[in-house]
Structure formats: structure tokens, C-alpha cells
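Notes for the structure review
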Amino acid sequence: MTLVTATERPARGAPRAEGDRRPSGQGAWFLVLPALIPILVLSVGPLLYGILLAFTDAQSGRTRPTQWIGGLNFQDLLHDTLFWESFRIGLVWAVGVTVPQFLLALGLALLLDQDLRLRWLARALAIIPWAMPEVVVGVMWRLVYNPDAGVLNETLRTLGLGDGRDWLSGLSTALPAVIVVGVWAGMPQTTVTLLAGLQNTPRELHEAAAMDGAGAWRRFRTVTWPALRPVALAITALNFIWNFNSFALVYVLTSGGPGGRTRLPMLFAYEEAFRYGQFGYAAAMGLVMVAVVSVLLALFLMGRLKEGDQA
């Protein structure tokens, strides 16, 4: 066997052998383009067009050309009480789904991390809601909440807890009922993420803490949570953004009713665009929502950077 000494290695900047060539900067762009083009066409392009549309009076069915109106749409939004009410409902929905979703997913992840019998089956069953399209989930839960023959009302009648009620049509029950569905549908994704974080925690730390006499709660507080905290913060921030921008699930369940009690901002913008034909006004709503989500994401990233500097 021949050993290569330091003096025999090619110096930095020396030409490489023919088979050891790496792609240049221009060649690297050609490798990135297949993944970059769909992002530009399907994400960046519509976003830029939506921003442009927000400063126009674009409407459906108009015979005269669309005109540039500057910030008039945003001025109207400032005085649109229905929009800000939908914004408040969106925040209630996002917090009401994200917090229970995280707490339940954390408990389920801790359970699935234990050495249980048929653990593989339990993990497979836990992600079933995640594999179902939101439209299917919405239709299924509409059947559960059905006031006449729904599983929920039939169970309440069997237990003697009342004759049941119309959960999705009641002014006081529609939003809580929809929040329950949102928690159920989104919990598997959070569970899988937290479970991956738990499995990356060194077992030696738990064993050492147990040998020192630490109980289950103390081990969780001093060992598990510090290792899981970055993952938990990331998935919670992403869940809040995804939940705030929800559309399909709530649209299938209630279409924003009753009386606008479940009309999220995305539903409100959808109605303005495709029911009333106010494309420019709806684009302004979308731009406001993008700005709010961007600010929330920036605050989250700033907090993470400060934590990294302190560490």
C-alpha cells in the first residue's frame, strides 16, 4: 500500500485531475434550475402578481381596463370591520388549534417514545389523520357532527346526556367544534416532529439523571425539554402560520358560517374575490396577511438568533 505524504498532495489552486472536476458556479446554476423554476413560476410569480393586483381596482366582469389606484384598497381595509373581525377569529382559531395541538402531540410523542408492545402499529395509526386530505377530513367530521344521525349526538343520547345539538350551525359551538377538528387533523405532524426530536436525545443523559435519583418530571424538565426546545419552537411557529392561513378544512365544515363566526381571513378574501368579484380588494387582504405572517416569522427568527448568541 502506498502512502501519500503532504508534499505529494496537489497544492491549493493547482489544476485537478480530469475525473476530479467539480461543477463551476455556472454549472451549479444549471443543476439548481430544475428545482428553482417551479418555485419561481408557482410561488414567486403569483405572489408578485398578487402584490401588483392589490394596488388596482381589478374586478370580475368589467368592460373597462383595470386602473392603478394606489393604496385605496388598504384605506378601505382599515375601516372594514368585517375584515378585522375575521382577523380576530383567525387569531383565536390559530391559537386555539396550535396550543392544544402541541400539548396533545407532546404527550403522544412521549408515549410513543417508550418501549411499548406493538409500538410500530401505534406509530402508524397516529399518522393516519395526516395522510388524509383536508377535504376528506372535513366531510368525515361533518358526518360526526350531523345533528340527526351523527356519531357525537348518538353517543350523547345513548349516555343520556341530552338530545344532541347542531354543532356546526350553533353560534356558540361552531368555532369550538371546528377547532377540535383542526387539532385532530394537525396533531400527527407535530407528533412525528417531536418524536424525532425525542429520539435524538442521548439516552445516556436520562440514565445518568435516573441514577442520580431524578424522577420522571425532573428528567423531563432538565434533560428532555432542553434538548427538545428548539424543535418545539420551530414546529409551534410553523403550526401557527399554517393554522392562521387555513382554508380548505373550515370551508368544507362551515363555509365561514354561521353568521361569520368561523369566517377566517382566507375565507373572507376568497369570498371577496370569487363571490363578489373584488380581485384587487381581495389581493390587498392577502398582502396584509402575508405581511402579518412575515412579521411573526421575523420575530420568531430574531428570538432564535438571540438565544443562539446567548448560548
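Residues numbered from 1 in each chain as written. Predicted model: local features only at pLDDT ≥ 70, side-chain atom pairs only at ≥ 80, totals over all residues. Heavy atoms only, no water.

**Observations regarding the overall build of the protein**
Across its full length, the protein holds 13 helices and zero strands. Seen in sequence order, the protein has helices and strands lined up from the N terminus as α-α-α-α-α-α-α-α-α-α-α-α-α. Looking at the protein as a whole, 33% of its 311 residues qualify as buried. Restricting to contacts in the protein with at least 6 residues of sequence separation, those with at least 24 account for 65%. (Helix = DSSP H or I, 4+ residues; strand = E, 2+ residues; numbered from the N terminus. Buried < 20%, exposed > 50% of the residue type's maximum accessible area, 1.4 Å probe, protein only. Contact = heavy atoms within 4.5 Å.)

**Remarks on unusual backbone geometry**
Following Gly-257, the chain continues to Pro-258 via a peptide bond in cis, the omega torsion being -5°. With respect to the helices and strands, Pro-258 occurs in the loop between α11 (248-253) and α12 (265-274). Notably, Ser-255 is not glycine yet its phi reads approximately 55°, a positive angle. Among the secondary structure elements, Ser-255 is positioned in the loop between α11 and α12.

**Re the pattern of salt bridges**
As enumerated under the stated definition, the model contains four salt bridges in all. With a closest N to O distance of 2.6 Å, Arg-88 and Glu-85 form a salt bridge. Of the two residues, Arg-88 and Glu-85 are both situated in helix α3 (residues 81-112); the distance of three residues between them amounts to about one turn of the helix. Judged by relative accessible area, Arg-88 falls into the partly exposed class, the value being 44%. The closest approach of N and O atoms between Arg-263 and Glu-271, which form a salt bridge, is 3.4 Å. A relative accessible area of 23% means that Arg-263 is categorised as partly exposed. (Salt bridge = Lys/Arg side-chain N within 4 Å of Asp/Glu carboxyl O.)

**Details of the packing of helix α6 (residues 134-144) against helix α8 (residues 174-199)**
In contact at an axis separation of 11 Å, α6 and α8 are set at 135° when each is read in the N-to-C sense. Classified by the angle their axes make, α6 and α8 are oblique. Relative to α8, α6 is oriented so that their crossing is right-handed. Contacts from Val-137, Met-140 and Trp-141 of α6 reach α8 at Val-180, Val-181, Trp-184 and Ala-185. Residue composition of the contact of α6 with α8, grouped by class: seven nonpolar, no polar and no charged. (Axes fitted to C-alpha atoms, helices over the stretch in contact; angles between N-to-C directions. Parallel < 35°, antiparallel > 145°, perpendicular 65-115°, else oblique. Left-handed = near helix turned anticlockwise from the far one by under 90°. Nonpolar A, V, L, I, M, F, W, Y, C, P; charged D, E, K, R; others polar.)

**Things to note about the side chain of Thr-173**
Note on placement: Thr-173 falls in the loop between α7 (151-158) and α8. Ignoring any residue separated from it by four or fewer positions in sequence, one finds Thr-173 in contact with Arg-165, Asp-166 and Trp-167.

**Some words on the layout of surface pockets**
Gaps between atoms show up when a probe of the same size as a water molecule is rolled over them. The volume enclosed by the largest pocket comes to roughly 390 Å³. In terms of lining residues, the largest pocket is bounded by 20 residues, among which Gly-50, Ala-282, Ala-283, Gly-286 and Leu-287 are the most central. Examining the composition of the lining of the largest pocket, we find that eight residues originate from one element, helix α13 (residues 279-310), more than from any other. For the lining of the largest pocket, the residue count by class is 17 nonpolar, three polar and no charged. (1 Å grid on protein atoms, 1.4 Å probe; cavity = no way out; pocket = protein on both sides within 12 Å on 5 of 7 lines; lining within 4 Å. Points joined across faces, edges and corners; volume = space filled by probe spheres on them.)

**Some points on a nonpolar patch on the surface**
A surface patch of nonpolar side chains, amounting to about 840 Å² of accessible area, comprises Phe-30, Leu-33, Ile-37, Ile-39, Leu-40, Val-41, Leu-42, Val-44 and Leu-48. Inspection of the secondary structure puts Phe-30 in helix α1 (residues 25-53). Given a relative accessible area of 55%, Phe-30 falls into the exposed group. (Patch = residues over 30% accessible without salt bridge, like charges linked within 9 Å, V, L, I, M, F, W, Y side chains within 5 Å. Areas by Shrake-Rupley, 256 points an atom, 1.4 Å probe, with all protein chains shown as cover.)

**Some words on the packing of aromatic side chains**
Counted according to the given criterion, the structure contains 17 aromatic pairs. Of the aromatic side chains, those joined through ring pairs into one cluster are Phe-83, Trp-84, Phe-87, Phe-244 and Phe-268. The ring of Trp-167 carries Arg-165 above its face, with NZ or CZ at 5.7 Å from the centroid. (Phe/Tyr/Trp six-rings, centres within 6.5 Å; stacked < 30°, edge-to-face > 60°. Lys NZ or Arg CZ within 6 Å of the ring centre and 35° of its normal.)

**Overview of the nonpolar core**
One finds Trp-93, Tyr-145, Val-181, Leu-249 and Leu-253 to be the most contacted residues of the largest nonpolar core, which totals 21 residues. Mapped onto this core, the elements with two or more residues apiece are α3, α6, α8 and α11. For this core, the element with the most residues is α8, which contributes seven residues. Here Leu-253 is in contact with Gly-138, Trp-141, Arg-142, Leu-168, Val-178 and Val-181, once residues within four sequence places are set aside. Core analysis: the second largest hydrophobic core is formed by 19 residues, Phe-83, Ala-94, Phe-244 and Val-293 among them. (Core = buried A, V, L, I, M, F, W, Y, C linked by side-chain atoms within 4.5 Å.)

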